[in-house]
Amino acid sequence: QVQPVESGGGFVQPGGSLRLSCTASGSTFGGYGVAWFRQAPGKDREFVASTRWSGGNAYYADSVKGRFFISKDRAISAVILQMNSLEPEDTAVYYCAAGRPIASTMHAESAYYYWGQGTQVTVSS
């Protein structure tokens, strides 16, 4: 069992960048897939990006491709979401989640069963 813990949210102007970090409290992500989801006010939670701790492809929502990048910092056992060229539409609470998805479910909420509390990202001028 892992408990994801997010950090790095905040306020940024359009066009700016933020770096979110997700660590596994009391454990590591070894053997797990790790994903970022987000939920904007009044909207359903949506997939952003995912990767496997062991390696392999990264997966992205179309809305963030080319702007967001998911990676692993093994030195601190964290999954990083680097967010560039941020837009007001990226404003949301960002959640980190861990699970054991298969290739076809790397984007699916149902494949992840450990969730963090979320971190707020606000993009505004």
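Residues numbered from 1 in each chain as written. Predicted model: local features only at pLDDT ≥ 70, side-chain atom pairs only at ≥ 80, totals over all residues. Heavy atoms only, no water.

Please provide a residue-by-residue account of the pairing of strand β4 (residues 33-39), values included.
Of all seven residues in β4, six are buried, a share of seventy percent or more. For β4 and strand β5 (residues 46-52), the ladder comprises six bridges, and the chain directions are antiparallel. Residue pairing in the sheet places F37 in a bridge with F47 of β5. Count of turn residues in the β4/β5 antiparallel hairpin: six residues, of which G42 carries a positive phi of about 75°. Where β4 meets strand β9 (residues 92-99), seven bridges bridge the pair, whose relative direction is antiparallel. Bridging across to β9, F37 finds its partner in Y95. (Buried < 20%, exposed > 50% of the residue type's maximum accessible area, 1.4 Å probe, protein only. Helix = DSSP H or I, 4+ residues; strand = E, 2+ residues; numbered from the N terminus. Pairing = 2+ DSSP bridges.)

Report on the nonpolar core, specifying residues and quantitative values.
Counting 38 residues, the largest nonpolar core has W36, L81, M83 and Y94 as its most contacted members. Top element by residues in this core is β9. It accounts for six residues. (Core = buried A, V, L, I, M, F, W, Y, C linked by side-chain atoms within 4.5 Å.)

Kindly report on the sheet that holds strand β7 (residues 68-73), identifying the contributing residues and their values.
Within a sheet, adjacent strands bond to each other through the backbone by hydrogen bonds, running parallel or antiparallel. In space, the four strands of this open sheet follow the order β1-β3-β8-β7, with antiparallel pairing throughout. Of all strands in the sheet, those with a lone pairing partner are β1 (3-7) and β7, marking the two edges. Looking at each pair of strands side by side, their axes are set apart by 20° on average, direction ignored. In this structure, β7 lies alongside strand β8 (residues 78-83), joined through six bridges in antiparallel fashion. By the bridge assignment, I70 is partnered in β8 with L81. (Axes fitted to C-alpha atoms, helices over the stretch in contact; angles between N-to-C directions.)

Could you give an account of the pattern of salt bridges, naming the residues involved and the relevant values?
Once their charged atoms are close, side chains differing in charge can pair, the charge on each being opposite to the other. Taken as a whole and assessed by the stated rule, the structure comprises six salt bridges. Residue E46 is joined to R38 by a salt bridge in which the shortest nitrogen-to-oxygen separation is 2.6 Å. On the basis of relative accessibility, which here comes to 6%, the residue R38 falls in the buried class. Between D62 and K65 there is a salt bridge, and its shortest N-O distance comes to 3.2 Å. A single burial state applies to D62 and to K65, both of which are exposed. Salt bridges linked by common partners bring R38, E46, R67, E87 and D90 together as one network. (Salt bridge = Lys/Arg side-chain N within 4 Å of Asp/Glu carboxyl O.)

I'd like a rundown of the packing of aromatic side chains, residues and numbers included.
Summed over all chains, the structure comprises six aromatic pairs. With a centroid separation of 6.0 Å and 75° between ring planes, the pair formed by Y32 and Y114 is classed as edge-to-face. You can see Y32 sitting in the loop between β3 (18-25) and β4 and its partner Y114 sitting in strand β10 (residues 112-115), a full 82 residues away along the chain. Grouping residues by exposure puts Y32 and Y114 together as buried. Seen in terms of ring centroids, F37 and W115 are 5.0 Å apart; in terms of plane orientation they differ by 45°. Their pairing is tilted. Remark: W115 occurs in strand β10 and F37 occurs in strand β4; sequence separation between them is 78 residues. Of the two residues, F37 and W115, neither departs from the other in class, the shared state being buried. Within the aromatic cluster, the residues linked to one another by ring pairs are F37, F47, Y112 and W115. (Phe/Tyr/Trp six-rings, centres within 6.5 Å; stacked < 30°, edge-to-face > 60°.)

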